[in-house]
Amino acid sequence: MPTITFREAAPGDVPRLVELVQSAYRGESSRAGWTTEADLLDGQRADPDMVAAAIADPAGAVLVAETAGELVACCQIERRDGHAYFGMFAVDPARQAAGLGAAVLAEAERRARDGWQVTEMRMTVIVQREDLIAWYVRRGYARTGVLSPFPYGDERFGRPRRSDLAFETLTKSLP
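Below is a short write-up of the structure. (Residues numbered from 1 in each chain as written. Predicted model: local features only at pLDDT ≥ 70, side-chain atom pairs only at ≥ 80, totals over all residues. Heavy atoms only, no water.)

1. Concerning the packing of aromatic side chains
All told, the structure shown has 7 aromatic pairs when counted by the stated rule. Centre to centre, the rings of F150 and F167 are 5.7 Å apart; their planes meet at 20 degrees, and the pair counts as stacked. Within this pair, whereas F150 is found in the loop between strand 7 (142-149) and strand 8 (159-160), its partner F167 is found in strand 9 (residues 166-173), the two being separated by 17 residues in sequence. You'll find F150 and F167 in the same group, each marked buried. Taken together through their ring pairs, the aromatic side chains of F86, F89, W135, Y136 and Y141 make up a single cluster. A cation over an aromatic ring shows up here: R80 above the ring of Y85, its NZ or CZ 4.0 Å from the ring centre. (Phe/Tyr/Trp six-rings, centres within 6.5 Å; stacked < 30°, edge-to-face > 60°. Helix = DSSP H or I, 4+ residues; strand = E, 2+ residues; numbered from the N terminus. Buried < 20%, exposed > 50% of the residue type's maximum accessible area, 1.4 Å probe, protein only. Lys NZ or Arg CZ within 6 Å of the ring centre and 35° of its normal.)

Shown next, in the form of structure tokens:
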């Protein structure tokens with residue numbers, strides 16, 4: 001795997017981050033990788049306002065992973081009540097399944113643990129994404145069985161192709 005450098009995103013990264021997140025999850029481009037949600041949702045995964053707000057949020061950070069100066073992955077971490085939340089995770093579909101995602105996840109965990117002194121990371125994953133949930137479980141996350149509803153009717157998060165979508169919370173202790 002090529003050398004990866006990490007940095008916090010800046011406002012100028014917003015267009016590329018929106019493109020990256022969209023390409024990893026929605027539309028035909030997402031089918032080049034294994035993280036696609038194209039069979040579950042149409043429409044957008046993130047928009048410029050959402051990404052800009054995440055970058056500006058003083059309670060969090062958007063991390064960017066670069067190889068040879070090219071933005072290839074990202075994630076958002078957010079300080080919450082006694083834990084960190086992990087989201088907006090995307091890896092360029094052409095670079096998936098090569099260890100880049102695991103490196104980004106590990107860096108997010110390290111920053112949350114060392115920088116914020118939190119002892120737990122949480123995330124939510126669409127329950128129908130069994131392959132993705134299994135990937136997180138292999139990296140130490142536990143399924144909680146705690147479900148939250150999908151935001152039907154809010155097209156900022158996409159247009160569902162089915163009526164049974166929900167999120168499950170996954171957790172991991174950060175020693």
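Moving on, there is more to tell.
2. A look at the sheet that holds strand 1 (residues 5-8)
Sheet strands pair by backbone hydrogen bonding; their relative direction is either parallel or antiparallel. In spatial order, the strands read 1-3-4-5-6-9-7; together these 7 strands make up an open sheet with mixed pairing. Here the strands that pair on one side only, and so sit at the sheet edges, are strand 1 and strand 7. On average, adjacent strands in this sheet sit at an angle of 30 degrees to one another, irrespective of strand direction. As defined by bridge partners, strand 7 adjoins strand 9 across 5 bridges and the pair is classed as antiparallel. Paired with A142 across the bridge in strand 9 is T171. (Pairing = 2+ DSSP bridges. Axes fitted to C-alpha atoms, helices over the stretch in contact; angles between N-to-C directions.)

3. A word on the pattern of salt bridges
One pass over the structure, following the stated rule, counts 18 salt bridges. Across the salt bridge formed by D42 and R161, the nearest N and O atoms sit 3.5 Å from each other. You can see D42 sitting in strand 2 (residues 41-42) and its partner R161 sitting in the loop between strand 8 and strand 9, a full 119 residues away along the chain. Note on R161: relative accessible area 48%, which makes it partly exposed. Of the charged contacts, one joins D114 and R113 as a salt bridge, the two residues approaching to 2.9 Å between their closest N and O atoms. On the basis of relative accessible area, R113 is assigned to the partly exposed category, the value being 27%. (Salt bridge = Lys/Arg side-chain N within 4 Å of Asp/Glu carboxyl O.)

4. Section: the environment of D81
Its place among the elements puts D81 in the loop between strand 4 (70-80) and strand 5 (83-91). When the C-alpha atoms of D81 and V118 are compared, they prove to be 9.5 Å apart, with 37 residues separating the residues in sequence.

5. Let's talk about helix 1 (residues 14-25)
Within an α-helix, residues lying three or four positions from one another point in the same direction, as the helix has 3.6 residues per turn. If you check helix 1, its first and last C-alpha atoms are 17 Å apart, about what 12 residues at 1.5 Å a residue would give, namely 16 Å. Regarding helix 1, the residues found buried are V14, L17, V18, L20, V21, S23, A24 and Y25. Buried residues in helix 1 make contact with helix 2 (48-56), strand 3 (60-67), strand 4 and strand 5. (Expected span 1.5 Å × (residues − 1). Contact = heavy atoms within 4.5 Å.)

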